[in-house]
Amino acid sequence: MKHIPIGSRCHLFAFDTLGPMITHVIVIDSPRTLFVIDTFLGPDSMREVMDALGEPVVGKPVVVINTHFHWDHIWGNCFFPGARIIAHSACRTLVRDHSESELARFARFAAGPVRIVPPDLTFDTRLAFPDEGIELLDTTGHSEDSISIVDHVDHVVIAGDNIEAPIPYLSDPDVNRFAGTLKGYRAYSGYRLIAGHADDPDGALLTANIEYLEALLAGDADRFDCDPFRAIHRVNRAVLEGRVPDDPV
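This structure is a prediction, so every number in the text was calculated from the model and none was measured.

A. Broad picture of the overall build of the protein. On a plain count of helices and strands, the protein comes out with 5 helices and 12 strands. For a compact globule of 249 residues, the expected C-alpha radius of gyration is about 18 Å, and the protein comes in at 17 Å, within 12% of that figure. Seen through its principal axes, the protein has C-alpha atoms that stretch 55 × 40 × 30 Å. Buried positions account for 54% of the 249 residues belonging to the protein. Charge centroids of the protein, computed over 21 positive and 37 negative side chains, lie 1 Å from each other.

Spelled out as structure tokens, the structure:
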């Protein structure tokens, strides 16, 4: 795990547990509350994060935010008993419907004893913490419950799995809505984008992600059926055809 401070209060933790695919956990250490954004593979992962933050955060109230329902973003929720867990309103249903099967399928990756803890506070469009300078937004794209977190103090936008390298990964078939979400990130000029798995995404990666989705919409994406795009592109085709895809992890 690498600990990378960003700005005055934002901390990025980069895990390479899943092999070549880096995974990020982000913590915003605001004056009154510790916001933990995505909780990775279980309690052992979260213990590493909290140990790295150290004494300054001991005893501070924790709010967990899940950017979406997928297993590699929620398994560490159980490390924070009694914490408020926030997500999109669709996330709670998706966790209920998919979490046990995902836990069985990917149990080999569990970091400690995982107990599924769904969100207890949900929203549909926007949820703000104005005193903390934090805003949560519905940014449906990668999945129907995808959200983004905007830190207006450190000028950071946490996009979850909506931005990925080399191309985005679909779990929801509404490509047009996904493309609109990605174009919406352009409104945050001067803000740093942080993705769930892409290492330090920039404007070029955002543009490349948009171009891929537009190629799917135009029926002109055959050129992506080659390395390094092939595995994710074939998953995306399965989603669009209504088939259950093989996860590239």
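B. Here's a closer look at helix 1 (residues 43-53). Regarding helix 1, the residues found buried are P43, S45, M46, V49, M50 and L53. For helix 1, the buried positions fall inside an angular range of 155 degrees around the axis, keeping them on one side. Among the structural elements, strand 1 (2-6), strand 2 (10-15), strand 3 (23-29) and strand 4 (34-37) are those in contact with the buried residues of helix 1. With its phi angle positive at about 75 degrees, G54 sits one or two positions after the end of helix 1.

C. Representation of the side chain of T140. Locating T140 in the fold gives a position in the loop between strand 9 (134-138) and strand 10 (147-151). Classification of T140 by relative accessible area gives buried; the value is 8%. Polar contacts involving the side chain of T140 include one to the side chain of D138, which spans 2.8 Å. In this structure, T140 is in contact with S146, R177, F178 and T181, ignoring residues within four places of it in sequence.

D. Representation of the sheet that holds strand 10. Taking strand neighbours across the sheet as the criterion, the 5 strands line up as 8-9-10-11-12 in an open arrangement whose pairing is mixed. Looking at which strands have only one partner, the edges of the open sheet turn out to be strand 8 (126-129) and strand 12 (192-194). With strand direction ignored, the average angle separating the axes of adjacent strands in the sheet is 15 degrees. In the sheet, strand 9 pairs with strand 10 via 5 bridges, with the strands oriented antiparallel. Bridging from a neighbouring strand, L136 pairs with I149 of strand 10.

E. Local environment of the pattern of salt bridges. Under the definition given, this model contains 15 salt bridges. The salt bridge partner of K183 is E214, with a shortest N-O separation of 3.0 Å. Residue K183 is located in helix 3 (residues 175-184), and its partner E214 is located in helix 4 (residues 203-217); the two are separated by 31 residues in the primary sequence. Assessed through its relative accessible area of 38%, K183 is described here as partly exposed. You can call E214 partly exposed: its relative accessible area is 36%. Here R234 makes a salt bridge to D225, at a shortest N to O gap of 2.9 Å. With relative accessibility at 24%, the residue D225 sits in the partly exposed group. Connected through shared salt-bridge partners, D225, D227, R230 and R234 make up one network.

F. Molecular detail of the pairing of strand 3. A large share of strand 3 lies buried, amounting to 6 of its 7 residues. Here 6 bridges tie strand 2 to strand 3, and the two strands are oriented antiparallel to one another. Each residue of the ladder has a partner; that of F13, found in strand 3, is V25. Pairing analysis gives 4 bridges linking strand 3 to strand 4, with the strands arranged antiparallel. Paired with I28 across the two strands is F35, which belongs to strand 4. Taking the residues that link successive antiparallel strands as the turn, the strand 3-strand 4 hairpin has 4 residues.

What counts and what doesn't
- All residue numbers refer to position in the chain's written sequence, counted from 1.
- Predicted model: local features are reported for residues with pLDDT of at least 70 only, side-chain atom pairs are reported and counted for 80 or more only, and whole-chain, interface and lining totals are derived from all residues.
- Only hydrogens and water are removed before side-chain values are computed, so all heavy atoms of the structure are retained for them.
- The way it works is that DSSP assigns letters per residue, a run of H or I at least four long becomes a helix, a run of E at least two long becomes a strand, and they are numbered from the N terminus.
- Note that the radius of gyration is over C-alpha atoms, with the globule rule given as 2.2 Å times the number of residues to the power 0.38.
- Only protein chains enter the area calculation, which uses a 1.4 Å probe; residues under 20% of their type maximum are buried, those over 50% are exposed, and those in between are partly exposed.
- Two residue types count as positive, namely Lys and Arg, and two as negative, namely Asp and Glu; His and chain ends fall outside the count.
- Here the site of a charge means atom NZ of a Lys, CZ of an Arg, CG of an Asp or CD of a Glu.
- Note that the arc is defined by the directions from the helix axis to the C-beta atoms.
- Throughout, a residue-residue contact means that at least one pair of heavy atoms, one from each residue, lies within 4.5 Å.
- Counting of polar contacts relies on pairs of N or O atoms within 3.5 Å, with two restrictions inside protein: one atom must be capable of donating a hydrogen and the other of accepting it, and residues adjacent in sequence are counted only when both atoms are side-chain atoms.
- Here, any two strands with at least 2 DSSP bridges between them count as paired.
- Lines fitted to C-alpha atoms define the axes, with helix axes restricted to the stretch in contact, and inter-axis angles between N-to-C directions lie between 0 and 180 degrees.
- One speaks of a salt bridge when a side-chain nitrogen belonging to Lys or Arg is within 4 Å of a carboxyl oxygen belonging to Asp or Glu.

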